[in-house]
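The chain contents come next:
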Amino acid sequence: MLAVLLGSFVTPDSFGQFNRKTIKKNNKRIATFTGKKHFGREHIYSGFGFSVNALNYYGDLSPLPSKFSTDISFTKPALGMSFFHRFGPRYTLVGQFMYGTLKGSDAESAKKSGSDPYDFRQVRNLSFRNRIKEISLVAVFDLFENDGTYISRVKWTPYAFIGIAAFLQNPQAQAPKTYLDGSPDPKAGQWVDLQPLGTEGQHSTLQPTDVNYGIKPYSLLQVAIPFGAGARFRLNEVLDLWADVGFRYTFTDYLDDVSKNYVNLNEIKDPLAQALSYRSNEIPNPGLPTHVETITVNGKPSQVTIINGYGSEYKTNIRGHSASKDIYMVTSVKITYILGATFHKAKFR
């Protein structure tokens, strides 16, 4: 009798409603289930991503004589492609290729410091651009761990990273209108490669008594240490947004083709290399003391006026500061996609 009474109240509609609620509840549990506190093989996943980056340069052509000085107006874009492999609750390996440009200019960036009426960098008047092709491998360490599958990964987490990078560089500068003797430069305005020219005497016949004696042409293939921090945000089951700021500590001081002292211009045989080594003659007369030197340009002796402290080989004629290596900063926004995703939301009729 009791069974008949209960059966009259439990209708097929009520069973359907009960089943829908149960399915939704179970599906929610599956989505948030972290399993046992053990990161097993089934929790490992990989993916790829695309990034938009901003590059900034720190070096001899920065606005101020400080390792932390950079010219924000010279921020340049870069694009990147990456592949990542998550192998632990907090650990991810990321490999990336990036292509971008670094740039610096004394004329546009130099700022006066101290009581000197003329800033050293303004009178030096050097400039460059450097197109970077970088391959990096970094280890990413999350603050919040994830012991479950990619489906149940945390909504967001701060992270830090460090690794190793190799990059191809090619410092360039725009050729001046004339050589040092005043004759026209046929490459005027063109971007020319600086490394083959040896603007600091790398290809000259310097003697042991010369200031820059022993320096060799720098390599276009360099190594850097990438490090930085950021945050990752889960967008949906398979997409993440990464945002970070990182630095590349390099082992070269020639991202800008500037490192040591001025060299005796007679030791540089190429007239274009001479003109790109000493560019103070291109600025309006700053009213500083000068002297006249006899320089062989295109095989002919010429009288060239040199600003004291620039363009001649004396120990006090510093062109750059070799004690500090160049650095570049990478600000990155990246979208990544998880490969092999099989999770699908339950459908209800």
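Cut-offs applied
- Residues numbered from 1 in each chain as written.
- Predicted model: local features only at pLDDT ≥ 70, side-chain atom pairs only at ≥ 80, totals over all residues.
- Heavy atoms only, no water.
- Helix = DSSP H or I, 4+ residues; strand = E, 2+ residues; numbered from the N terminus.
- Buried < 20%, exposed > 50% of the residue type's maximum accessible area, 1.4 Å probe, protein only.
- Areas by Shrake-Rupley, 256 points an atom, 1.4 Å probe, with all protein chains shown as cover.
- Phe/Tyr/Trp six-rings, centres within 6.5 Å; stacked < 30°, edge-to-face > 60°.
- Lys NZ or Arg CZ within 6 Å of the ring centre and 35° of its normal.
- Salt bridge = Lys/Arg side-chain N within 4 Å of Asp/Glu carboxyl O.
- Core = buried A, V, L, I, M, F, W, Y, C linked by side-chain atoms within 4.5 Å.
- Contact = heavy atoms within 4.5 Å.
- Polar contact = N/O pair within 3.5 Å; in protein donor to acceptor, adjacent residues only side chain to side chain.

A.B. asks: What's the story with the overall build of the chain in this structure? I'm lost.
C.D. replies: Counting its secondary structure elements, the chain contains 5 helices and 12 strands. When each of the 349 residues of the chain is scored for burial, the buried share is 44%. For the chain, the exposed surface amounts to about 18,900 Å²; the carbon and sulfur share of it is 61%.

A.B. asks: Hey, could you run me through the packing of aromatic side chains in this one?
C.D. replies: Each pair of aromatic rings is reported with the distance of its centres and the angle of its planes. Summed over the entire model, instances satisfying the criterion amount to 18 aromatic pairs. Ring geometry for Tyr262 and Tyr278: centres 6.5 Å apart, planes at 70°, overall edge-to-face. Taken as a pair, Tyr262 in the loop between β9 (239-250) and α5 (271-277) and Tyr278 in the loop between α5 and β10 (290-297) lie far apart in primary sequence, 16 residues in all. Assessed through its relative accessible area of 1%, Tyr262 is described here as buried. On the basis of relative accessibility, which here comes to 0%, the residue Tyr278 falls in the buried class. Taken together, the ring pairs in this structure connect Tyr45, Phe84, Tyr159 and Trp242 into an aromatic cluster. Arg232 extends its terminal NZ or CZ atom over the ring of Trp242, reaching a point 4.9 Å from the ring centre. Above the face of the Trp242 ring, Lys334 is positioned so that its terminal group lies 4.6 Å from the ring centre.

A.B. asks: Would you take a moment to explain the pattern of salt bridges for this structure?
C.D. replies: One side chain can pair with another of opposite charge once the charged atoms of both are near each other. Counted by the stated rule, this structure contains 8 salt bridges. Residue Arg124 pairs with Asp106 through a salt bridge whose shortest N-O separation is 2.8 Å. With Arg124 in helix α4 (residues 120-124) and Asp106 in helix α3 (residues 106-109), the pair connects residues that are 18 residues apart, well separated along the chain. Judged on exposure class, the residue Arg124 and its partner Asp106 are both buried. Across the salt bridge formed by Glu282 and Arg279, the nearest N and O atoms sit 2.6 Å from each other. With relative accessibility at 37%, the residue Glu282 sits in the partly exposed group.

A.B. asks: Would you explain the nonpolar core in this entry?
C.D. replies: As a rule of thumb, soluble globular proteins bury nonpolar side chains together. Of all hydrophobic cores here, the largest spans 26 residues; its most connected members are Leu265, Leu272, Leu276 and Tyr278. Of all the secondary structure elements, the ones that give two or more residues to this core are α5, β10 and β11 (300-307). Discounting chain neighbours no more than four positions away, the residues touching Leu265 are Leu180, Gln274, Ser277, Tyr278, Ile295, Ile306 and Gly311. Ala78, Leu102, Ala224 and Leu255 belong to the second-largest nonpolar core, a separate cluster that totals 16 residues.

A.B. asks: What should I look at first to understand the side chain of Thr199 in this one?
C.D. replies: Here Thr199 lies in the loop between β7 (191-193) and β8 (221-234). Within the structure, Thr199 has its side chain in polar contact with the side chain of Asp257 (distance 2.5 Å). The contact partners of Thr199, leaving out residues within four places of it in the chain, are Leu194, Asp257, Val263, Ile268, Ala273, Leu276, Ser277 and Arg319.

A.B. asks: What should I look at first to understand unusual backbone geometry in this one?
C.D. replies: Excluding glycine, a negative phi dihedral is what most residues carry, and trans is how most peptide bonds are arranged. Positive phi values are uncommon outside glycine, yet Asn125 reaches one of about 65°. Along the polypeptide, Asn125 turns up in the loop between α4 and β4 (127-142). Backbone geometry at Asn298 places phi at a positive 55°, although glycine is not the residue there. By the element assignment, Asn298 lies in the loop between β10 and β11.

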